[in-house]
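Summary of structural features
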Amino acid sequence: EIRKKMKCKLIIISCTPPEVIKNYSKNKDITFIEGNLSKDKLLEYYSKVDIFIYPSRVEANFGTVLIEAMANKLPLVTNNFYATSEVVKEGKNGFLIKPLLKLYDENGKYLGKNDGKYLEEYKWLYENNKRAKEKYVKEIVDKLSILVKNTKLRKSMGNCGFELVSKGKFSIKERNKKLRKIY
């Protein structure tokens, strides 16, 4: 969708299924990189990009990858669920997107049938909710368009994120202070 509006390239680092890669392999503006990269290789890719997009639909941990992207002065675009709102301050260091579907509420309660097959249920909901997908994609495209067009905003958001990692609440100093208090 973004490419319909402007020239850009997409690098996807993921354990992407081969059938998905096959669908896009002819497109020179999309590059798939197999996940589990070394730190040096990952840093190389961080240095090549202007925006970090993290549209995970099932990530339920803290999102360390967001902190890594901030340490590399990248503005963030990610789903607003679980701990992401602790990391991303809307309009300051990135944009939060309303997730396509939520599996859990704010208290951690499962929203589905709770029969232990949540991934199958989630896949069904995702595949059968065209309106929600269109709205979700539009919101991502809108936020990315803002960042692609506005170099100053990208740099400002990247610097804000870097400050949070180097001197703010995600700095080693602040994390160590919290750990000492816990111990």
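Every value quoted in this text rests on a predicted model; they were computed, and no experiment measured them. (Residues numbered from 1 in each chain as written. Predicted model: local features only at pLDDT ≥ 70, side-chain atom pairs only at ≥ 80, totals over all residues. Heavy atoms only, no water.)

Burial along strand β5 (residues 94-97) is two-sided: the face carrying G94 and L96 and the face carrying F95 and I97 are both buried. Here strand β4 (residues 76-79) pairs with β5 via four bridges, running parallel. For T78, the partnering residue across the bridge sits in β5 and is L96. (Buried < 20%, exposed > 50% of the residue type's maximum accessible area, 1.4 Å probe, protein only. Helix = DSSP H or I, 4+ residues; strand = E, 2+ residues; numbered from the N terminus. Pairing = 2+ DSSP bridges.)

The full count for this structure, using the stated rule, is two aromatic pairs. Ring centres 5.9 Å apart and planes at 45 degrees place the aromatic pair Y46 and F52 in the tilted group. For the pair shown, Y46 and F52 are each scored as buried. With a centroid separation of 6.3 Å and 25 degrees between ring planes, the pair formed by F52 and Y54 is classed as stacked. Each member of the pair, F52 as well as Y54, carries the same accessibility label: buried. Among the aromatic residues, ring-to-ring pairing joins Y46, F52 and Y54 into one connected group. Of note, K73 hangs over the ring of F162, and the distance from its end group to the ring centre comes to 4.8 Å. (Phe/Tyr/Trp six-rings, centres within 6.5 Å; stacked < 30°, edge-to-face > 60°. Lys NZ or Arg CZ within 6 Å of the ring centre and 35° of its normal.)

By the secondary structure assignment, R154 is in helix α8 (residues 151-166). A sequence separation of 62 residues divides R154 from K92, and the C-alpha atoms of the two residues are 9.9 Å apart. With residues near it in sequence (within four places) discarded, R154 still touches D50, I51, P75, L147, V148 and K149. (Contact = heavy atoms within 4.5 Å.)

Right, let's talk about the sheet that holds β4 for a bit. Backbone hydrogen bonds hold the strands of a sheet together, and the pairing may be parallel or antiparallel. If you trace the three strands from one edge of the open sheet to the other, you get β3-β4-β5, paired in parallel fashion. Pairing within the sheet leaves two strands with one partner each, and these edge strands are β3 (52-54) and β5. When strand polarity is set aside, the average angle formed by the axes of neighbouring strands in this sheet is 10 degrees. Together, β3, β4 and β5 form the strand contacts of helix α7 (residues 130-149), whose direction differs from that of β5 by roughly 175 degrees. (Axes fitted to C-alpha atoms, helices over the stretch in contact; angles between N-to-C directions.)

Across the interface, α7 lies against α8 with an axial gap of 5 Å and an inter-helix angle of 100 degrees. Accordingly, the angle class assigned to the pair α7 and α8 is roughly perpendicular. Residue-level inspection shows I146, L147, V148 and K149 of α7 in contact with α8, the latter providing T151, L153, R154 and M157. Its residues assigned to classes, the contact of α7 with α8 comprises five nonpolar, one polar and two charged. (Parallel < 35°, antiparallel > 145°, perpendicular 65-115°, else oblique. Nonpolar A, V, L, I, M, F, W, Y, C, P; charged D, E, K, R; others polar.)

When charged atoms on two side chains of opposite charge get close, those side chains can pair. What the rule picks out here adds up to eight salt bridges. Taking the shortest distance from any N to any O, the salt bridge between E44 and K48 comes out at 3.4 Å. Residue K143 is joined to E90 by a salt bridge in which the shortest nitrogen-to-oxygen separation is 3.8 Å. Taken as a pair, K143 in helix α7 and E90 in the loop between α5 (84-87) and β5 lie far apart in primary sequence, 53 residues in all. We classify E90 as partly exposed; its relative accessible area is 40%. (Salt bridge = Lys/Arg side-chain N within 4 Å of Asp/Glu carboxyl O.)

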